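Residue-level listing of the chains:
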Amino acid sequence: MKPFLNEDFLLRSDTAKRLYHTVAADLPIIDYHCHVSPKEIFEDRHFANITEIWLGGDHYKWRLMRANGVEECYITGDAPDREKFQKFAEALPKAIGNPLYHWCHLELKAYFGYTGVLNGETAQEVWDLAKEKLAQPDMGVRGLIKKSNVAMIGTTDEPVDDLQWHKKLAEDPTFPTVVAPSFRPDKALNLDKPGWREYVAKLSGVSGIAITDLASLKEALADRIAYFAQNGCRASDHGLDYMAFREATEEELDCIVKRGLAGESTSVEEAEKLRTALLLFCAKEYAKQGIAMQIHYNCLRNPNSKMLETIGPDTGFDCIGPNDGSRALAKLLDTLYREDSLPRTILYSLDAGDNAFLDTLMGAFQGPEIPGKIQHGSAWWFNDNKTGMQEQLTSLGNLGILGNFIGMLTDSRSFLSYTRHEYFRRILCDLIGCWVEDGEYPDSEKELREIVSGICYYNAKRYFNI
């Protein structure tokens, strides 16, 4: 029996061990999509205890606690931090098979030097150790990023953001990690979501462009995309509940925008028409500015309406939302390709059943500009586990070129989640190691080192011009 979480954790073969320990383990991290705060990075926030840094804003942990029958006051409520941590520690041992069990212990080991097992009985021991460690000067946000060997962080930012913290970080010679904004225009594109009219008013104020029709809305978006590009933006991000592609004339779209601005009701079909048009427009601007486009889709948001009303959105109540958007996504890429306006694009579906579709679709739209111009993004959100990663990597290997994959991201709000890159790298090396030892790929040191190092670091470095 292997010991829990030893140095060869998840590595089942000698080849896997060699690839991980001599190639993957020490490479820098490019975390090109996450949700951490650039303000907290610049100000080097220090956390008072493990609850603040671990449970604050972490939907994965909140869902685990709810599944263990924990009352909401210990999750998003006002219970004392020590009690919240106790409830989580008591729930964690039941999470066998859940990546959280691995992630948590990897983080405890990497950042706090704790090699034991977290449970209800050890909670006080871990609490005290973490509190002591977090009080050290080098355990603020900047110190954690440095310890994690992070070369680049791609935050998620709205078009109306002034990017002041990104600017300050870029001007700070003491902090070498690149912190790049990512353009997330969902609120401007989703006419059918509450607050669209008010958000467009904010966009108008920030851009200095009076938005009165379709043309001025596009002008304002183009202005903000250019502003983001000037401030180091490497990627955009679109979070779509589902893929839709619904064409309309410019006249019809202009009428829809004007009605929306006037506060008049619009149909789902009209909202889809406007979202399609604006997504195409933004993509063309990304291509001009050298910005990669990320599309995340097939998420069912807030199915629990009572909890949405009680504590609001983005609190851990979303789920996978299967929807056949295959033809819509294909039409989007085809339209852009025909007009020579398809930017570097990364596609993510929350439905793992779309793996083969994405891997074959992207093969229809690759280009000579860069190897792997169209990417199937890493196993996303609920698929971000051992099985999900293995399936995504295997499908990409079967149907595409795995060696051009740009690798892992955290998609996290936590500054301790960089160990997810370690988790991914171990799974990657184990998978490749099995193929080699089963005689499915030659044991060629040069090619294997190039593939592993590329996926873990160099491909993303090239893709995002780091």
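See the structure shown above.
The structure contained in this document is the topic of the report that follows. (Residues numbered from 1 in each chain as written. Predicted model: local features only at pLDDT ≥ 70, side-chain atom pairs only at ≥ 80, totals over all residues. Heavy atoms only, no water.)

## As for the sheet that holds strand S3 (residues 178-180)
So, step 1. Judged by pairing direction, the sheet is parallel, and its three strands sit side by side in the order S1-S2-S3 without closing on themselves. Single-partner strands in this sheet number two, and they are strand S1 (29-31) and S3. Direction aside, the axes of adjacent strands within the sheet are offset by 5° on average.
So, step 2. Inspection of the sheet shows strand S2 (residues 150-154) paired to S3 by three bridges, in the parallel sense. Within the sheet, the bridge partner assigned to glycine 154 lies in S3 and is alanine 180. (Pairing = 2+ DSSP bridges. Helix = DSSP H or I, 4+ residues; strand = E, 2+ residues; numbered from the N terminus. Axes fitted to C-alpha atoms, helices over the stretch in contact; angles between N-to-C directions.)

## Topic: the environment of alanine 244
So, step 1. Inspection of the secondary structure puts alanine 244 in the loop between strand S6 (238-239) and helix H13 (250-261).
So, step 2. Along the chain, alanine 244 and arginine 275 lie 31 residues apart, while their C-alpha atoms are 8.4 Å from each other.
So, step 3. Every residue in contact with alanine 244, bar those within four places of it in the chain, is listed here: Glu272, Thr276 and Ala328. (Contact = heavy atoms within 4.5 Å.)

## Regarding the layout of surface pockets
So, step 1. Its boundaries defined by the atoms lining it, the largest pocket holds a volume of some 1,400 Å³.
So, step 2. Taken together, 46 residues make up the lining of the largest pocket; nearest its centre are His35, Arg184, Arg301, Asp314 and Arg413.
So, step 3. Mapped onto the lining of the largest pocket, the elements with two or more residues apiece are helix H2 (38-42), helix H3 (50-54), helix H4 (59-67), helix H10 (186-189) and helix H11 (196-207).
So, step 4. For the lining of the largest pocket, a count of residues per class yields 12 nonpolar, 15 polar and 19 charged.
So, step 5. The computed volume of the second largest pocket comes to approximately 310 Å³.
So, step 6. Surrounding the second largest pocket, 15 residues form its lining, Ala25, Ile29, Lys147, Ser148 and Glu422 being those nearest its centre. (1 Å grid on protein atoms, 1.4 Å probe; cavity = no way out; pocket = protein on both sides within 12 Å on 5 of 7 lines; lining within 4 Å. Points joined across faces, edges and corners; volume = space filled by probe spheres on them. Nonpolar A, V, L, I, M, F, W, Y, C, P; charged D, E, K, R; others polar.)

## A closer look at the nonpolar core
So, step 1. Core analysis: the largest hydrophobic core is formed by 152 residues, its most contacted members being Ile41, Ile50, Trp54, Leu221 and Leu329.
So, step 2. The biggest single contributor to this core is helix H14 (residues 268-289), with 10 residues.
So, step 3. Discounting residues that sit within four places of it in the chain, isoleucine 41 has contacts with Val36, Val141, Arg142, Ile145, Ile153, Leu169, Phe175, Val179 and Phe415. (Core = buried A, V, L, I, M, F, W, Y, C linked by side-chain atoms within 4.5 Å. Buried < 20%, exposed > 50% of the residue type's maximum accessible area, 1.4 Å probe, protein only.)

## Looking at the pattern of salt bridges
So, step 1. Under the definition given, this model contains 30 salt bridges.
So, step 2. Taking the shortest distance from any N to any O, the salt bridge between lysine 258 and aspartate 254 comes out at 3.0 Å. Remark: aspartate 254 and lysine 258 occur in helix H13; sequence separation between them is four residues, near one turn of the helix.
So, step 3. In this structure, lysine 446 engages glutamate 450 in a salt bridge whose closest nitrogen and oxygen atoms are separated by 3.9 Å. Highlighted residues: lysine 446 and glutamate 450, both in helix H20 (residues 445-463), separated by four residues, approximately one helical turn. The two residues lysine 446 and glutamate 450 agree in class, both being exposed.
So, step 4. Residues joined in a network through salt bridges with shared partners are Arg18, Asp443, Glu445 and Arg449. (Salt bridge = Lys/Arg side-chain N within 4 Å of Asp/Glu carboxyl O.)

## Describing the sheet that holds strand S7 (residues 293-297)
Either a parallel or an antiparallel arrangement is found when strands of a sheet pair, and the pairing is made through backbone hydrogen bonds.
So, step 1. With parallel pairing, four strands are arranged side by side in an open sheet as S6-S7-S10-S11. Each of the sheet's edge strands pairs with one partner strand only, and the pair in question is S6 and strand S11 (374-376).
So, step 2. Sheet topology note: the S6/S7 ladder contains two bridges and is parallel. Its bridge partner being in S7, histidine 238 is matched across the sheet by isoleucine 295.

## Section: unusual backbone geometry
Backbone phi values are negative for most residues with the exception of glycine, while trans is the configuration of most peptide bonds.
So, step 1. Residues other than glycine seldom take positive phi values, yet asparagine 302 does so here, at roughly 50°.
So, step 2. Structurally, asparagine 302 can be placed in the loop between strand S8 (299-300) and helix H15 (305-311).

## Observations regarding empty space enclosed by the protein
So, step 1. Under the counting rule described, the total for this entry stands at four cavities of 30 Å³ or more.
So, step 2. Considering only enclosed or pocket space, the largest cavity measures out at about 60 Å³ in volume.
So, step 3. Taken together, Ile30, Ile406, Gly407, Met408, His421, Phe424, Arg425, Ile455, Cys456, Tyr457 and Ala460 make up the lining of the largest cavity.
So, step 4. At the level of secondary structure, the elements contributing two or more residues to the lining of the largest cavity comprise helix H19 (419-437) and H20.
So, step 5. It is H20 that contributes the most residues to the lining of the largest cavity, four residues altogether.
So, step 6. Approximately 50 Å³ is the volume found for the second largest cavity.

## Comments concerning the side chain of aspartate 157
So, step 1. Within the secondary structure layout, aspartate 157 lies in the loop between S2 and helix H9 (164-170).
So, step 2. The side chain of aspartate 157 sits in the buried core without any salt bridge; arginine 184 is the nearest counter-charge, 9.7 Å away.
So, step 3. At 2.7 Å, the side chain of aspartate 157 forms a polar contact with the side chain of threonine 155.
So, step 4. Excluding residues within four positions of it along the chain, aspartate 157 makes contact with Pro38, Leu163, His166, Pro181, Ser182, Phe183, Arg184 and Phe228. (Lys, Arg positive; Asp, Glu negative; His and termini not counted. Polar contact = N/O pair within 3.5 Å; in protein donor to acceptor, adjacent residues only side chain to side chain.)

## Examining the packing of aromatic side chains
So, step 1. Overall, the coordinates contain 17 aromatic pairs when judged by the stated rule.
So, step 2. Aromatic side chains phenylalanine 4 and tyrosine 101 sit 5.7 Å apart centroid to centroid with 55° between the ring planes, which places their arrangement in the tilted category. Remark: tyrosine 101 occurs in helix H6 (residues 99-112) and phenylalanine 4 occurs in the segment before helix H1 (14-24); sequence separation between them is 97 residues.
So, step 3. Exposure remark for phenylalanine 4: the relative accessible area of 40% places this residue in the partly exposed category.
So, step 4. A residue is classified by how much of its surface remains accessible, and tyrosine 101, at 17% relative accessible area, is buried.
So, step 5. Aromatic side chains tyrosine 463 and phenylalanine 464 sit 5.2 Å apart centroid to centroid with 75° between the ring planes, which places their arrangement in the edge-to-face category.
So, step 6. Ring pairs connect the aromatic residues Trp54, Phe85, Phe88 and Trp127, which therefore count as one cluster.
So, step 7. Its end group placed over the ring of tyrosine 227, arginine 224 keeps NZ or CZ at 4.4 Å from the ring centre.
So, step 8. For the cation-ring pair, arginine 420 lies above tyrosine 60, with the distance from its terminal atom to the ring centre recorded as 5.0 Å. (Phe/Tyr/Trp six-rings, centres within 6.5 Å; stacked < 30°, edge-to-face > 60°. Lys NZ or Arg CZ within 6 Å of the ring centre and 35° of its normal.)

Bear in mind that shape data such as this cannot, by itself, settle questions of function.
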